[in-house]
Amino acid sequence: MVYKSINWDINEDEFDEYVWDKATAQYWLDTRVPVSNDLKDWRTLSLIEKDTINRVVGGLALLDTLQSEEGVDVIRADARTRKEIAVINDFLMMESIHAKSYGTILTSLNNRQTVDEVYEWMNNNPRMQYKVKVINKIYQTGNELQKKVASVFLEGILYYTNFFIPLWYRGNNKLANLSEVIKLVIRDESVHGTYLGYKFQLRYNECSTAEQSTLKEWMDNLLDDLLENEFLFTDDIYKSIGLAEDVKKFVQYNANKSLQNMGFKSKFKDAEITDINPIVMNGISIETANHDFFSQVGAGYLMGEAESMSENDYSF
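Model, not experiment: these values are computed from the prediction. (Residues numbered from 1 in each chain as written. Predicted model: local features only at pLDDT ≥ 70, side-chain atom pairs only at ≥ 80, totals over all residues. Heavy atoms only, no water.)

Chemist: When you look at the overall build of the protein chain in this model, what are you seeing that I'm missing?
Modeler: Check the secondary structure of the protein chain and you find 11 helices and zero strands. For a compact globule of 316 residues, the expected C-alpha radius of gyration is about 20 Å, and the protein chain comes in at 21 Å, within 12% of that figure. Overall size of the protein chain, expressed as C-alpha extent along the three principal axes, is 70 × 60 × 40 Å. If you take every contact in the protein chain between residues at least 6 apart in sequence, the share linking residues at least 24 apart comes to 80%. Carbon and sulfur atoms provide 50% of the accessible area of the protein chain, an area that totals close to 15,700 Å². Across the protein chain, the centroid of the 33 positively charged side chains sits 4 Å from that of the 49 negatively charged ones. (Helix = DSSP H or I, 4+ residues; strand = E, 2+ residues; numbered from the N terminus. Rg over C-alpha atoms; globule rule 2.2 N^0.38 Å. Contact = heavy atoms within 4.5 Å. Areas by Shrake-Rupley, 256 points an atom, 1.4 Å probe, with all protein chains shown as cover. Lys, Arg positive; Asp, Glu negative; His and termini not counted. Charge placed at Lys NZ, Arg CZ, Asp CG, Glu CD.)

Chemist: Hey, could you run me through the packing of aromatic side chains in this one?
Modeler: The geometry of two aromatic rings is summed up by the distance between their centres and the angle between their planes. One pass over the structure, following the stated rule, counts 15 aromatic pairs. Aromatic side chains W8 and W20 sit 5.3 Å apart centroid to centroid with 50° between the ring planes, which places their arrangement in the tilted category. Of this pair, W8 sits in the segment before α1 (14-25) while W20 is found in helix α1, placing the two residues 12 residues apart along the sequence. For W8, a relative accessible area of 29% puts it in the partly exposed group. Measuring from ring centre to ring centre gives 5.7 Å for F91 and Y195, while their planes differ by 90°; the resulting arrangement is edge-to-face. On the criterion of sequence distance, the pair formed by F91 in helix α4 (residues 82-109) and Y195 in helix α8 (residues 176-204) is long-range, its members being 104 residues apart. Per residue, the accessibility class of F91 equals that of Y195, and both read buried. (Phe/Tyr/Trp six-rings, centres within 6.5 Å; stacked < 30°, edge-to-face > 60°. Buried < 20%, exposed > 50% of the residue type's maximum accessible area, 1.4 Å probe, protein only.)

If you want it as structure tokens, here you go:
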């Protein structure tokens, strides 16, 4: 057997190269966002507020660990083109960076004992464990389309319960750097969800009507099951600070977006963008920081443009 090199001049699916360019242009590292600069804001928060933030960040660490170690790998196995494999390899790297970034947030704002307690909590919380077990079972035993559905639901819905509170504080002009990390993650996940939804549609449209009907019924049942657990988790985390119902609406809105990415109609008619907490929408829309070029980077960072050197560059 002759193993052939990938030829990027061959266009199997033009969307592959578009997403590759988009995803690689968005590359970032957690160490270049100065989360410790949020310590002044952090010290003004109540113990309940700190606990809420730590738990949602810890929950994200668990979910992204699952995605980086299991989810992306099983999705790559079903790639339709060679460039798709390259794109998914980029997604894998970024999911690992996301998982690490949550640890950076925790250690930047807390002492070692608190960080250990957060990890202990997220590794044993029944609501968190339920969702990772449900998703991972699909990753290990599901078919190609089921695995894509699980991935889109994980990244496009389950993450967003935990994204809510950092965006809410950003909308209140607090914890700017913590929310900067979250906004960078969201920027990546929006590319991932759009791309996987597109690849899902290509395969789904090749199925018979009966196969589509069976899959849609399975998908609807999975979504109902995940959301039932997610809303209980939301009550556990957010009720004490009075934001549980706002978070549920935010999750429903993102469930609609995930379904649309896969070519389906919205499920929740009363979860439009105008129904989302305006403080959170303010947090999403606030311009991100341009940190120091040589040491830190935020979502507002622009890569420099290169030009060829000439002999004049060596005239001192």
